[in-house]
Amino acid sequence: MTFGNFAKYLQQLEETSSRLSLINILGRLFAEVESSDICQVVYLIQGRVAPFYEAIEIGMSEKLVAQAIAKAYGVSREEVLKKYSEMGDLGKVTEVLSHQSSTISNQTVGDIFDTLLEIAKTSGAGTVEKKVNLLAGLLQEMDPISAKHLVRIPMGSSRLGVGDPTILDAFAECKLGHRKERKELEEAYNRTSDLGIIGETLWNKGLEGVKKLDVEVGRPLRSELTERLPDAKTILEKMGGRAHIQYKYDGFRVQIHKSGDTVRLFSRNLEETTLMMPEIIEGVLKQVKAKTIILDSEALAYNKTSEEFLPFQETTKRRRKYQVEEMSKTLPLKAFVFDVMYLNGKSLVDLPLDERMKVLVSEVNGDETLIPEPGEFTDSAEKIQQMFDDAITKGLEGLIVKKPDSRYEAGARNFNWVKLKRHSAGELKDTIDCVILGYIFGKGKRSGFGAGSLLVGVYDEKKDMFVTVSKIGTGLTDIEWKEIHERSDKISVDHKPARVDSLITPTVWIQPEIVIEVLADEITKSPTHTAGKTDSEPGYALRFPRLVRFRGEDKRAEDCTTVAELKEMYKLQYKKD
Ligand code: ATP
């Protein structure tokens, strides 16, 4: 497939305001794609040159991309940057500049992909010049629309509004006849986290091939997630009279992959975090003898002698890419290992939890850095309550209670895993992770930063849409407003993004990408919001919402709170302890 043809589809994706037409456009694109290209096409749609979990970045700053554009069209970098500050999108700047000197080329998707990969892998002396030359070289041979979309890849701002579920739907529509047939594809995605591999397998081996795609060491599976229930008794009933209890640690999730002497770590949203936690790597090599293994754990700062858990604010200081060695000495992390999903070449996801806990105990030796947390089994609600009180006394958040005979359901959020947290009656028990959908200009001193309030939403999993729950203006400092403004300008669009459903039209729409954690007093019903709204029922809304923090790095938009969760939380808030 030529890149020019591919870019025409990208242009259509960018222009549509409807999710259904996103799928139709993708379906038409996929119908033209050969099996040799599908993997690369999918990565490029995601704005990447590798699956999400591979830490391969193009590694070009705005300034470098501007330099490449300048070189390609024979203008100065200052001129490119000046136009960028006027237009707010280097893609559009490129489109305009390339009008002046464009030739139609027949570069293929494969050619472009390979060059982008080469740019990503360039390192050492002369890196900057080489990256600039390679990108400029591609641009020189491109038509304006192709150039616009190409430039947005290193900028990380594709503005297409396509999510992973949208791609799965389009795969199903194109290859299985209807998007409703996507269940098996989704399960394979939960096991592999790699849409490129799923595409390639579907094109080459059909659905039967996809069903055989299994959990593999070195490739993260999607994390199993939790539901909420109000109290020990309700949980025990829901689990069928017997439950497995573990403490709920408040750090960050680390999926550990060991293959021989190689250890790789992945975050909750499948980003590679190997380089951030050298002490965990060392701990795995010391404490785990298995040749290949995948473990699920929560890493946090913990003082073993005093049995003190450090607050989340301390632990989170470790989520950074610099001064790693130094920090690993001053604020060492421990990993509480609570599950095992793979051992010596075999997936364990279909084993019941109680069996997996036996494997966990036998495979993790000692408790120096990795601390095995096999939990306890009980059929007593009092026991759950006692452990909960104990957890709170220890400074933990509460418990995670699990169904003893449940398999590890990658990517699922259901009542097999339930969190029990402390709360006071009448107040919301939990924060809500919202996605910013737009901003509404305000008057007064803040309008200088272009934002008076933010339109925020949650994710409707069933529809693969983002729906609104609130406008929020409280809790943000001027610096945070500035940050939001800077980040959202890069992904602002001139029409409602295709996967957003809103009755409110903000001053500026932005692609749903930035996740923030919000605290509210209550979930209420409101006709102005679309979360959970039906023809007969109003939507859900947040009362007195305020920003707690940005959750950008560890959650993607689709990982924010879902409508189903909001419904549960709405029901739970009226139950007293
Ligand atoms: P999400 O469930 O969407 O990750 P969150 O990050 O706000 O939301 P919670 O819902 O409050 O977290 O709790 C679930 C998280 O708790 C898990 O993702 C995991 O990181 C952590 N966790 C801590 N201890 C355990 C445990 N014993 N079993 C499973 N998860 C645990």
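Everything numeric here is computed off the predicted structure, so don't read it as measured data.

**Q** Would you mind going over the site of the ligand in detail, with residue names and values included?
**A** In the region of the ligand, 18 residues are neighbours, and Arg 268, Glu 298, Lys 402, Arg 413 and Lys 419 sit closest. One nitrogen or oxygen atom from the side chain of Arg 268 is found 2.7 Å from an oxygen atom belonging to the ligand. Within the side chain of Lys 555, an N or O atom sits 3.0 Å from an oxygen atom of the ligand. The fraction of the free accessible surface of the ligand (590 Å²) that becomes covered by protein chains is 90%. Looking at the shell around the ligand, the elements with two or more residues in it are strand 1 (225-228), strand 2 (243-248), strand 11 (398-402) and strand 12 (413-421). No other element matches the 4 residues that strand 12 contributes to the shell around the ligand.

**Q** Give me the domain arrangement of the protein chain: which residues, what numbers.
**A** The extent of an interface is frequently quoted as the accessible surface area lost upon association of the parts. In terms of domains, the protein chain is made up of domain 1 (3-155), domain 2 (164-211), domain 3 (225-421) and domain 4 (432-572). When each unit is reduced to the centre of its C-alpha atoms, the spacing between domain 1 and domain 3 is 40 Å. Across the boundary between the two partners, domain 1 contributes 4 residues, which contact 6 residues of domain 3. Here domain 1 meets domain 3 over a buried area of about 380 Å², counting both sides, of which 54% is carbon and sulfur. Where domain 1 packs against domain 3, one counts 1 salt bridge. Arg 264 serves as the salt-bridge partner of Glu 54, at 3.1 Å between the closest nitrogen and oxygen. For the pair domain 1 and domain 3, the interface holds 1 residue pair in polar contact (both at pLDDT 80 or more).

**Q** Which residues make up the packing of helix 1 (residues 3-15) against helix 3 (residues 35-45), and what values go with them?
**A** The relative placement of two packed helices is expressed as an angle between their axes plus a distance between the axes. With their axes 12 Å apart at the nearest point, helix 1 and helix 3 run at an angle of 45° to one another. Overall, the two elements helix 1 and helix 3 adopt an arrangement that is oblique. Helix 1 and helix 3 meet at a crossing whose hand is right-handed. Contact residues: Phe 3, Phe 6 and Leu 10 in helix 1; Val 41, Leu 44 and Ile 45 in helix 3. Partitioned by chemical class, the residues of the contact of helix 1 with helix 3 number 6 nonpolar, no polar and no charged.

**Q** Give a detailed account of the packing of aromatic side chains, specifying residues and quantitative values.
**A** Counting across every chain of the model gives 16 aromatic pairs. Seen in terms of ring centroids, Phe 309 and Phe 336 are 5.7 Å apart; in terms of plane orientation they differ by 45°. Their pairing is tilted. One end of the pair, Phe 309, is in strand 6 (residues 308-309); the other, Phe 336, is in strand 7 (residues 333-343), with 27 residues separating them in the sequence. Like Phe 309, the residue Phe 336 is buried in the burial classification. Joined through ring pairs, the aromatic side chains of Tyr 247, Tyr 249, Tyr 302, Phe 309 and Phe 336 make up one cluster. Between Lys 525 and the ring centre of Tyr 540, over which it is positioned, the NZ or CZ distance is 4.3 Å.

**Q** Give a detailed account of the confidence of the model for the protein chain, specifying residues and quantitative values.
**A** Do not read the fine detail of predicted coordinates wherever pLDDT is low. With 95% of its residues at a pLDDT of 70 or more, the protein chain shows a mean pLDDT of 90. Per-element confidence in the protein chain is highest for helix 17 (residues 353-363), whose mean pLDDT is 98, and lowest for helix 19 (residues 478-489), whose mean pLDDT is 80.

**Q** Give me the lowdown on the sheet that holds strand 12, citing residues and values where you can.
**A** Ordered by their spatial adjacency, 5 strands build an open sheet running 1-12-11-2-10, and the pairing between neighbours is mixed. The outermost strands of the open sheet, each flanked by one partner alone, are strand 1 and strand 10 (376-378). Going across the sheet, the axis of each strand differs from the next one's by a mean of 40°, ignoring polarity. Examined bridge by bridge, strand 2 and strand 10 share 3 bridges and lie antiparallel to one another. Residue His 244 lies in a different strand from strand 10, and its bridge partner there is Phe 377. Of the strands in this sheet, strand 2, strand 10, strand 11 and strand 12 touch helix 13 (residues 232-239), which is tilted by about 160° from strand 12. Contacts from helix 17 reach strand 2, strand 10 and strand 11, with the element oriented near 50° to strand 2.

Rules used throughout
- Residues numbered from 1 in each chain as written.
- Predicted model: local features only at pLDDT ≥ 70, side-chain atom pairs only at ≥ 80, totals over all residues.
- Heavy atoms only, no water.
- Near = heavy atom within 4 Å.
- Polar contact = N/O pair within 3.5 Å; in protein donor to acceptor, adjacent residues only side chain to side chain.
- Areas by Shrake-Rupley, 256 points an atom, 1.4 Å probe, with all protein chains shown as cover.
- Helix = DSSP H or I, 4+ residues; strand = E, 2+ residues; numbered from the N terminus.
- Domains from an automatic or database assignment.
- Contact = heavy atoms within 4.5 Å.
- Buried area = accessible area lost by both parts, 1.4 Å probe.
- Salt bridge = Lys/Arg side-chain N within 4 Å of Asp/Glu carboxyl O.
- Axes fitted to C-alpha atoms, helices over the stretch in contact; angles between N-to-C directions.
- Parallel < 35°, antiparallel > 145°, perpendicular 65-115°, else oblique.
- Left-handed = near helix turned anticlockwise from the far one by under 90°.
- Nonpolar A, V, L, I, M, F, W, Y, C, P; charged D, E, K, R; others polar.
- Phe/Tyr/Trp six-rings, centres within 6.5 Å; stacked < 30°, edge-to-face > 60°.
- Buried < 20%, exposed > 50% of the residue type's maximum accessible area, 1.4 Å probe, protein only.
- Lys NZ or Arg CZ within 6 Å of the ring centre and 35° of its normal.
- pLDDT = per-residue confidence, 0-100.
- Pairing = 2+ DSSP bridges.

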